[in-house]
Structures are given as C-alpha cells and as structure tokens.
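In case you want the letters, here they are:
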Amino acid sequence: MTETVTTLELTGFDEAVTGLVTKYFTRRDRSLISGGSDTPAKTPFEPRMANAGTFDLFMFGNARLGGAGASEGGAVVLDNHDGGLDYLRGWGLDGRTMTLRRGTRGQSYPSAYTTLLKGTMLAPHFSMTDVTLRIRSRVAEVLNQTLQRDRYQGDNVLPDGVEGTEDDIKGLYKPEFWGKRLQIPVVLVNTSKNTYQVSRGVVISIDEVYVQGAATWTPGTQHSTLAALQAATVASGEYDYYLGDDADGSYLRLGSDPTGAVTVDATAPLNTVADIVDNILQSFAGIASAEIEGKAALNTANSAPVGCWSGTGQVTMGEAIFELLDTIGGFLTEKRNGNFLMGRLEAPSGTPALTITQTYVDETAGPPEIVTNSDIAREVPVYRVGVGYKKVYQVQTGGELAGAATQATRALVGEELRYSVYQDGGVLLLEGGAGELLLEGGAGSLLLEDVRSKHPLAGELIVPALYDDETDAQAEALRLFQLHGVDRELVNLPVVNRVTGSLNINDVVEVQLDRYNWGGGKLFRVVGISEDFNSEVTVLQLFG
C-alpha cells in the first residue's frame, strides 16, 4: 500500500547566519529523506509533527452567507520533549512562511506534492514538550489595519498651510476617496483662505459645490499645483480648484466666506468594487499583485460604478473593503496557497471540481448535517430584498439648508440612502427612513404571499450599498432575491482529505448521496473548508 506523507516547511530568521533558514518536518509517525533530484535534495525531514494542525477557511464566516468575515487561522504542534527544537526560541518566526504539503513516498518533492496550506505565522508558543506554530489569517491581519494613510498635522502658520491648526483638525485622518460620491463634506484645511480638501489623493473632477445644499457657486480656475491654488485670487461667488496628486491631495478654494456646510459631488479614479478592493490591498496593505486572485472575474460579474469616501474618522481596511463587497454580494478570503481571493457568492453551476459519493464521506468528524444559516433574515428564504444607492455623506434637513437649495437636493440630502427593493412581483422604491414602500409600475402586481405562504417567517434582506445608479441597485436586488428568495441548503459534509486537497473556497462540487434528493447528484458551492490534517478529514461547508 502506498504510504501518504504530510510535510511541513518552516522558514525563520536565524541570527547565527544573519538570514532566513528553512527546516523540514514530517509527522511523528513517519520519516522521509528527499531524493537526489528533489528540492532540497537528500534532506532529512524530522519526524516531529505531533499534530499536523487544523485550519479553517470561509467565504464569509462559519454558517454565514454574507457580510464581513475572515478565515480563522490554525496551529501546528511540533514535538520538543527532548529539547531538540529549543534553537527555534531564538529565531524570528513571526511573519514568516510555513507550508504544509501531502504526497506519497517516492514522489518528487515538492513538485508532485499537493500544497494543503501556505500560511504566515504569528510568534510561536513554547512549552517543555511542544512548540506550537500559530498560523495567522492574512485577511484578518489586513482588515484590522487603518485605511487612511495620513493625519492632519495642525501646523498651519496662517494664512499659509493646508494642515489645519491645533484648534481645529489636528490629528484627524485625511480622507481617502474612490469612484463617484454625492454631498461629500469637504474638510476645511485653511480658514484664512477658505481652502477645503476633497481627498488625500487625486480626483478626476469636482462636479458640483454646495453651500447649505445650494449649488450657487460658479467654477473658476483649475490650477496645476497646490501652490498656484493657494496663491490665486478667487472671485466672490466662485471656487477655484486643484485636482491634485498623491503627494499633496485635491482641494478647492471659495472666493468668499460660506454661510454653512460646504459639500461637493466629485469623481475619483477607480469605480468598480473589484478595482477599489484590489487598490486597497496593493497600495494600502502592501499585498503584491501576484498574491491577489479573482479581480478580473469579479469585474466581469459586476462592473457597476460605485464610490467610497472614508471621512476623517478612523476607518479600518476591513470596514471599507466589506462595505464595498457587500454592495455586490462579494467576499474576500484566502486560498490554500496563501493568496487572497475575491469573488461573489453565486448559485452553484458548471462542471464540478469533485464528485462526492458515500465512499468519500468520513463520519469520524461527525455525520453530514444541514446547518442553519446564521445571517439575520436568511434562516429561511427572504421575501423582500432592498439594495441602497446614491449614498449621501452629509445629511441635511430643515434650517441646515439654504433657501436656494432645490427641492431635488432637499429630497436627496434628507436621507443617507435610497433603496431599490425587489419582492415577488415587482421592483419597489423604499422611501428612506420612513420605510414606506411605493410600487413602481402598475398596482396589484405584487404577490406577497408567494414566499410567505410556505415560509411565514420569511424576512427581508437590506443591503446599504454604494451604487451610484438606481438601475444597478435594482439589478442587484433582483439577483439577491433569486439567490436567497428560494429554498437553499447549507451543508457540513466530512470528507476524506485525500480528495479535497486541491479544493478552494468558491469551487463547485457535486454531492451524490442517497439522502435529501441528492442521489441523482446535486451541485453545491464550497463556502467553508475546515481542515484537520492530523485526522485527515476535511469538513466542507457547502451552499446549494
């Protein structure tokens, strides 16, 4: 019988050689010496893995089908009862790479082995008997970082400067901006010259300037540098502007003192969810382009224009990324190879990557089970879906608005979001905070009983999205209704991991079991992978 071998590659910084060193291990009950043509050649793999480890990957989170989430990491335990690994205590292992592979004795290493997991380590835990290598979630680490790059220094020497003073905006974050947004409350950075900052970076255009909701200010001169803008004489009732660069940001100046809040409509580079998330990961989190997968496919799935403006309060990358991804039902997770993967939850379709029959089911980890979706309003199908659009970043009502503000502007700025709502029978409009549903189209076209006649507890799914256009919100509301407005199954299925090693989140599998009408084969999408490399069982969480 062919013997299966699980290996661990561990890379750390060794001060003795002032550089990175890689060590090789196998499970405690196995031994291995690589072949002469392997990489590395003729190298002993120490049999020290007492526990080959566990690791969880999820599309959104355990038993969830939307919203923010991240993989949960894991751990590998090495046997150190004899002190043979004490030297690792002096190594720098945090932030370094570890790789788990599986193959059969005699296969070429590593080319013929399957990569089970490539992860980054936290600082290890040492005891008198064990060394526990803790695997971090790369996604979780990125999501916890602050999005904004810079803060206002508060060091203006008026009338000069664009950093504010210690009495106004010192210490606030400079806003980040992508896409197209409405009613952005620009930041007053110089009170002597009425200079306002739109974004820390470049903008394509400043489309409208409002004071107390009134668009009565006339565009003046576009300047090529910030210095030229600050040196200009701006006519009363006009605004000059500088579209900026990444070195100093984008600004406008008013030619006279405003009577109230100044807001703008503006457009910045990048306007799809996939492009913006990719930009955050690369330019803000420092992730290499080669380590990010799924951008092109996600743009193909949904390239609707969106916008995101961070404001001056602290925003984490996770908050920004998942507000964007929630807009299109998207996700961000990791692959086994350690790369980031973005995508969108879809109903399963196409050719399955694996067909699972009873032969592959291993109930040592528990029997297969249909689990409850823990997302609010999705324990059963939903009968109504609402998706937001035209987000306003400064709500203004009543006396906050000038008399010259138009009725259209008053209606817009009176609510943060508008909603396109779909439920059986038609598309509706959700009127802001009042919650009143008004039918678009002919009366009597709603069939409210279609879902709730079978599921009286069917609820609503409301997504406060970042679409610019109502038609894009309508299309997403319909898509989500078709996805979540019908009976679906969320299944935990324990499978021998000799057949699951190449599966990743978002892959499609077919299940052929003689239960729940699966005998003829039913397609499911992989939304969770819980690995136990020691027991050699994988619990797949499947949606279909």
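Scroll up to find the structure this text is about.
Reading the values: rules and limits
- Residues numbered from 1 in each chain as written.
- Predicted model: local features only at pLDDT ≥ 70, side-chain atom pairs only at ≥ 80, totals over all residues.
- Heavy atoms only, no water.
- Phe/Tyr/Trp six-rings, centres within 6.5 Å; stacked < 30°, edge-to-face > 60°.
- Buried < 20%, exposed > 50% of the residue type's maximum accessible area, 1.4 Å probe, protein only.
- Lys NZ or Arg CZ within 6 Å of the ring centre and 35° of its normal.
- Helix = DSSP H or I, 4+ residues; strand = E, 2+ residues; numbered from the N terminus.
- Axes fitted to C-alpha atoms, helices over the stretch in contact; angles between N-to-C directions.
- Parallel < 35°, antiparallel > 145°, perpendicular 65-115°, else oblique.
- Left-handed = near helix turned anticlockwise from the far one by under 90°.
- Contact = heavy atoms within 4.5 Å.

A few points about the packing of aromatic side chains
In the structure shown here, the tally under the stated rule is 11 aromatic pairs. Ring geometry for Tyr516 versus Trp518: centroids 5.5 Å apart, planes at 50°, classification tilted. Using a relative accessible area of 4% as the deciding quantity, one classes Trp518 as buried. Ring-pair connections join several aromatic residues into one group, and the members of that group are Tyr24, Phe45, Tyr109 and Tyr113. Its end group placed over the ring of Phe284, Arg149 keeps NZ or CZ at 4.1 Å from the ring centre. Sitting above the plane of the Tyr383 ring, Arg452 keeps its charged end 3.9 Å from the centroid.

Topic: unusual backbone geometry
Cis geometry marks the peptide bond from Thr39 to Pro40, where omega comes out at 0°. Relative to the elements of secondary structure, Pro40 occurs in the loop between β3 (32–33) and β4 (44–58). Backbone torsion omega between Tyr109 and Pro110 reads 0°, so that peptide bond is classified as cis. Unusually for a residue other than glycine, Asn517 sits at a positive phi of about 65°. Within the secondary structure layout, Asn517 lies in the loop between β32 (508–512) and β33 (522–532).

Let's talk about the packing of helix α3 (residues 273–284) against helix α5 (residues 317–327)
To describe two helices that pack against each other, one gives the angle between their axes and the distance between the axes. Running from N to C, α3 and α5 point in directions that differ by 165°, and their axes come no closer than 9 Å. Judged by the inter-axis angle, α3 sits roughly antiparallel to α5. Crossing geometry of α3 relative to α5 is assigned as left-handed. Contact residues: α3 offers Val273, Ile276, Val277, Ile280, Leu281 and Phe284, while α5 offers Met317, Ala320, Ile321, Leu324 and Leu325.

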